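What follows is each chain in one-letter form.
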Amino acid sequence: MTALLHLTNDWYLNIDNGLTNLVVFLDLAKAFDTVSHDILLKKLELYGLKGVTLEWFSSYLSDRQQQCVVEECVSKPKLIKCGIPQGSILGPLLFLIYINDLPGCLLHTKVHMYADDTTLYSSSTSTAELYTKVNEDLNRVRDWLLANKLSLNVTKSE
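In this numbering scheme, every chain counts its residues from 1 along its sequence in written order. Local features in a predicted model are, by the rule used here, given only for residues with pLDDT of at least 70; side-chain atom pairs are given and counted only at 80 or more, and totals for whole chains, interfaces and linings are based on all residues. Hydrogens and waters are ignored; side-chain quantities use all the structure's heavy atoms.

Colleague: Lay out helix H4 (residues 90-99) with the relevant residues and their values.
Modeller: Most of H4 sits out of view: 7 of its 10 residues are buried. Where H4 is buried, its residues contact helix H2 (37-46), helix H3 (51-61), strand S6 (110-114) and helix H5 (127-147). Each residue is placed in one exposure class: buried if its accessible area under a 1.4 Å probe, protein chains only, is under 20% of its type's maximum, exposed if it is over 50%, and partly exposed if it falls in between. Each helix is a run of DSSP H or I of at least 4 residues and each strand a run of E of at least 2, with the numbering of both proceeding from the N terminus. When checking whether two residues touch, look at their non-hydrogen atoms; a contact exists if any pair is within 4.5 Å.

If you want it as structure tokens, here you go:
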């Protein structure tokens with residue numbers, strides 16, 4: 001079952017049971033580009049990576065440079081201090097590891113995550129209770145984002 005079918009099925013079941021759904025769509029701003037190397041390495045260590053393996057990931061992330069080319073002008077190389085290298089099979093995997101603990105900060109909402117898009121949702125017979133619970137979890141998401149040096153793309157979040 002695709003993610004969209006799973007989510008809409010949950011919402012339709014809630015409606016059939018007389019509940020109101022409240023859904024929040026969150027989009028992380030420049031998610032892959034803003035991942036903290038230090039935080040990612042700590043999370044990898046928490047998942048059990050040690051020794052040479054952890055050192056390999058540290059080496060993979062460190063001392064990377066980038067430069068821009070506009071027509072025939074080439075900028076000076078600039079050291080990259082955060083972000084996950086894109087275009088490799090490791091990029092999406094490392095990002096998923098980085099955000100994997102986000103659901104742990106939520107108390108009242110269900111969550112569905114796909115890359116840098118996150119959907120929070122809850123249901124209740126009381127809209128006042130629904131607003132209170134979802135807003136509490138949104139505050140927790142804000143705290144998690146700050147702790148992990150990420151931010152929301154407000155124009156793409158609803």
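Now that the structure has been shown, the text picks up again.
Colleague: So, the packing of H2 against H3: which residues are in play, and what are the values?
Modeller: Two measures define how a pair of helices packs: the angle their axes make with one another and the distance between the axes. An axis is simply a line fitted to the C-alpha atoms; with a helix, the fit covers only the stretch in contact. Between two such axes, the angle follows the N-to-C directions and lies from 0 to 180 degrees. Relative orientation of the contacting elements H2 and H3 amounts to 160°, with a least axis distance of 10 Å. What the angle tells us is that H2 and H3 run roughly antiparallel. At the point where H2 passes H3, the crossing takes the right-handed sense. Across from His37, Leu40, Leu41, Leu44 and Glu45 in H2, the residues of H3 making contact are Leu54, Phe57, Ser58 and Leu61. Comment on the angle field: the value is read as roughly parallel under 35 degrees, roughly antiparallel over 145, roughly perpendicular from 65 to 115, and oblique elsewhere. The sense of a crossing depends on the near helix, which, turned anticlockwise from the far helix by less than a right angle, makes the crossing left-handed and, turned clockwise, makes it right-handed.

Colleague: So what's going on with the packing of aromatic side chains? Which residues, and what values?
Modeller: Each Phe, Tyr or Trp ring (for Trp, its six-membered ring) is paired with any other whose centre lies within 6.5 Å, and the angle between the two planes then decides the class: stacked below 30 degrees, edge-to-face above 60, tilted in between. Scanning all chains against the criterion turns up 4 aromatic pairs. Centroid distance phenylalanine 32 to phenylalanine 95: 4.6 Å. Interplanar angle 20°. Geometry classified as stacked. Placement of the pair is phenylalanine 32 in the loop between strand S1 (20-27) and H2 and phenylalanine 95 in helix H4, with a sequence separation of 63 residues. The buried category is assigned to phenylalanine 32, whose relative accessible area is 18%. Phenylalanine 95 sits in the buried class, given a relative accessible area of 0%. With a centroid separation of 5.3 Å and 10° between ring planes, the pair formed by tryptophan 56 and tyrosine 60 is classed as stacked. Here the residue tryptophan 56 and the residue tyrosine 60 both occupy positions in helix H3, the gap between them amounting to 4 residues, near one helical turn. Classification of tryptophan 56 by relative accessible area gives partly exposed; the value is 46%. In textbook terms, an aromatic cluster arises when at least three aromatic residues are bridged by ring pairs, as seen for Trp56, Phe57 and Tyr60. Criterion for a charge above a ring: Arg CZ or Lys NZ at most 6 Å from the ring centre, at most 35 degrees from the ring normal. Above the ring of tyrosine 98, the side-chain terminus of lysine 43 is found at 4.7 Å from the ring centroid. Between arginine 64 and the ring centre of tyrosine 60, over which it is positioned, the NZ or CZ distance is 4.7 Å.

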